[in-house]
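# Close look at the chain arrangement
Chain by chain, the residues:
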Amino acid sequence: MYGDLSLPEQQEQSSDLLPAIVIVNGSGPIDRNGDVPQMKLKLNTSNQFAKHMTEERPRDRAIAVLSYDKRGVGKSKKKGDKNLFYRTGMMDIVLDAVEAVRYVFAHPRIDKSKIVLMGHSEGAIIMPIICREVKKAGLTDIFGCIFYAGFGETLEKALELQRETILADVQMEKGVKGFILRSAVTEDKLVKQYESLMKKVHAEGDPDFISMQCGLVKQPAKWWREHMAYDVEGALKEYITCHCLAITGQKDVQVHNEQCSPEKAAALVPLAASVESHRPINLTHSLRSSDGSESLLNIKSNFVRMGKLPLDAELLSITDDWCDRRLFGL
C-alpha cells in the first residue's frame, strides 16, 4: 500500500505530538487524492481535506492526515495482477484501513491516543468494523469517527435510493430526451438489471470478480457479497464507542441524510462517547455545495464540475469546531 502522510511544519522547540486523521475513501478505484484515475475523474477530496487540516488550521491546532491508494489503484498495485482492485472484498478494504492506522500509530510525531477515522460514503459505512478490527489488532482504540455522506447507510439502501432518484429524474426530463429516457429507463428494467447482477455475484464457486457485457465491464463480486451480508446498524451499535461526528447533506442524492437527525444519530450509536450530527442544506455527495437541484443522470459531469471547487465551507467549519472541542479541549 502507498499513500501520503501530510504533516504540518514542526514548530521550533516544540515536541508536542499531533492528532491524526486517517481517510477511508468511498467505493470505486479511488487514489490518495480522492481521484478516480481509471475514469480520469479528479474529485480532489482527500488532498483538499489534508491541506486544510495541516496548513489552513491554526498552527497550534494542526492535524496530520493519512490518505492512501486503494488496492489496484495508483502505486498500490501488484505486478502481473491487473484485476487486483476487482478481487478486493469489503473486508480487504477494512484490513487495509487497519494497516493505515497501524502506520500512523507507529509514527514518532503522532499522538497514539488521538487517532480519528474520516470515512466518506463507503468509508463511512464500514467504519464500525474498522474500529472493531483496530481493537482486535491490539492498537489503541480509535478516538473519533467522522462520517461523511454514509452514516447508518447500507449499500442496498443506497442503491434503492439511487434507483428511485433516477426514475424521478427521468420523469422530470423534458422534450425528446425525456421521451427516450422514459422508454429506456423504467423501474422494471432497473430492478431486473440489479437482480441479474446479484445472480452473477452469487454464482456457484463465489467468484472474486465477474465480467459483464462481453468482458468490457468488471464487478468486484466478493465486495458485493460481503456488503450484502453486512449488518451496518448492528455494527454501529456494538463497535462504536468513540466520539462521533456525522454529516450528510440534504442535496446528497446517493445516500439518505435522515440518519443525521439528532434523535436518529443518537439511537444508531448508543455506546458512543459523544455524537454530533448535521444535515447542511446545500451539501452534495461530493462534499461541495450546490445551489441548484442534483441529478444522477448527469453524475459524471456533476463530479467533474464539483471537483474543481473547494470543499464546502460549512462542512469544514463544522469539522474544525468538532476537532477543536474533541482533540484540543477548546
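Our structure's up above, just so we're on the same page.
So, here's what we can say about the structure.

Reading the values: rules and limits
Residues numbered from 1 in each chain as written. Predicted model: local features only at pLDDT ≥ 70, side-chain atom pairs only at ≥ 80, totals over all residues. Heavy atoms only, no water. 1 Å grid on protein atoms, 1.4 Å probe; cavity = no way out; pocket = protein on both sides within 12 Å on 5 of 7 lines; lining within 4 Å. Points joined across faces, edges and corners; volume = space filled by probe spheres on them. Nonpolar A, V, L, I, M, F, W, Y, C, P; charged D, E, K, R; others polar. Helix = DSSP H or I, 4+ residues; strand = E, 2+ residues; numbered from the N terminus. Buried < 20%, exposed > 50% of the residue type's maximum accessible area, 1.4 Å probe, protein only. Pairing = 2+ DSSP bridges. Arc of directions from axis to C-beta. Contact = heavy atoms within 4.5 Å. Polar contact = N/O pair within 3.5 Å; in protein donor to acceptor, adjacent residues only side chain to side chain. Right-handed = clockwise from strand over helix to strand, strands pointing away. Patch = residues over 30% accessible without salt bridge, like charges linked within 9 Å, V, L, I, M, F, W, Y side chains within 5 Å. Areas by Shrake-Rupley, 256 points an atom, 1.4 Å probe, with all protein chains shown as cover. Salt bridge = Lys/Arg side-chain N within 4 Å of Asp/Glu carboxyl O. Lys, Arg positive; Asp, Glu negative; His and termini not counted. Charge placed at Lys NZ, Arg CZ, Asp CG, Glu CD. Phe/Tyr/Trp six-rings, centres within 6.5 Å; stacked < 30°, edge-to-face > 60°. Lys NZ or Arg CZ within 6 Å of the ring centre and 35° of its normal. Axes fitted to C-alpha atoms, helices over the stretch in contact; angles between N-to-C directions. Parallel < 35°, antiparallel > 145°, perpendicular 65-115°, else oblique. Left-handed = near helix turned anticlockwise from the far one by under 90°.

## Focus on empty space enclosed by the protein
Taken as a whole, this structure holds two cavities of 30 Å³ or more when the rule is applied. Of the pockets and cavities examined, the largest cavity occupies roughly 110 Å³. Taken together, 14 residues form the lining of the largest cavity, with Gln254, Glu294, Ile299, Asn302 and Phe303 sitting closest to its centre. When the residues that make up the lining of the largest cavity are grouped by side-chain class, the tally is five nonpolar, six polar and three charged. The computed volume of the second largest cavity comes to approximately 100 Å³. Met1, Ile23, Val24, Asn25, Tyr68, Lys70, Arg71, Thr88, Ile93 and Asp96 together form the lining of the second largest cavity. For the lining of the second largest cavity, the secondary-structure elements that each account for two or more residues are strand S2 (18-24) and helix H3 (90-105).

## Quick word on the pairing of strand S4 (residues 110-120)
Counted residue by residue, S4 has eight buried out of 11 residues, so it is predominantly covered. Note: S2 against S4, six bridges, orientation parallel. Paired with valine 24 across the two strands is glycine 119, which belongs to S4. Direction of pairing for S4 relative to strand S5 (residues 144-148): parallel, over a ladder of five bridges. When the sheet's bridge partners are listed, leucine 117 is paired in S5 with cysteine 145.

## Focus: helix H10 (residues 232-239)
For an α-helix, 3.6 residues make a turn, and residues three or four places apart therefore share a direction. Residues of H10 that are buried include every one of Val232, Ala235 and Leu236, and no others. Down the axis of H10, the sector holding all buried residues measures 100 degrees, keeping them to one side. Contacts made by the buried residues of H10 are with helix H4 (122-125), helix H5 (127-136), S5 and helix H11 (262-268). At the N-terminal end of H10, a side-chain oxygen is found 3.0 Å from the backbone nitrogen of glycine 234, two or three residues along, and the residue is aspartate 231.

## Considerations on the pairing of strand S3 (residues 64-68)
Within S3, five of the five residues are buried, which leaves it mostly tucked inside the rest of the structure. Here S3 shows a buried face lined by Ala64, Leu66 and Tyr68 and a second buried face lined by Val65 and Ser67. As paired elements, strand S1 (residues 3-6) and S3 share four bridges and run antiparallel to each other. Residue serine 6 lies in a different strand from S3, and its bridge partner there is valine 65. Relative to S3, S2 runs parallel, the two sharing three bridges. Within S3, the residue paired with isoleucine 21 across the bridge is valine 65. Once you follow S2 into helix H1 (residues 46-56) and on to S3, the crossover reads as right-handed.

## Re a negative patch on the surface
There is a patch of like negative charges on the surface, built from Glu156, Glu160, Glu164 and Glu187. Of the residues forming the negative patch, the biggest block, three residues, is contributed by helix H6 (residues 155-172). Note that glutamate 187 resides in helix H8 (residues 187-201).

## Thoughts on the packing of aromatic side chains
All told, the structure shown has four aromatic pairs when counted by the stated rule. The interplanar angle of 80 degrees and the centroid separation of 6.3 Å between the aromatic rings of phenylalanine 49 and tyrosine 148 together place this pair among those described as edge-to-face. With a gap of 99 residues between them, phenylalanine 49 in helix H1 and tyrosine 148 in strand S5 connect regions that are remote in the sequence. Here phenylalanine 49 falls in the buried class, since its relative accessible area comes to 2%. Here the aromatic rings of phenylalanine 85 and tyrosine 86 are separated by 5.2 Å at their centres, their planes lie at 80 degrees, and the arrangement is edge-to-face. Its guanidinium or amino end placed over the ring of phenylalanine 105, lysine 112 lies 5.5 Å from that ring's centre, counting from NZ or CZ. The cationic tip of arginine 163 hangs over the ring face of tyrosine 194; the distance from NZ or CZ to the ring centre is 4.8 Å.

## Considerations on the packing of H6 against H8
Packing of H6 against H8 brings their axes to within 10 Å, and their N-to-C directions diverge by 150 degrees. By the angle between their directions, the pair H6 and H8 is classed as roughly antiparallel. When you trace H6 past H8, the crossing you get is right-handed. Contacts from Glu156, Leu159, Arg163, Ile166 and Leu167 of H6 reach H8 at Glu187, Leu190 and Tyr194. The class makeup of the residues in the contact of H6 with H8 is five nonpolar, no polar and three charged.

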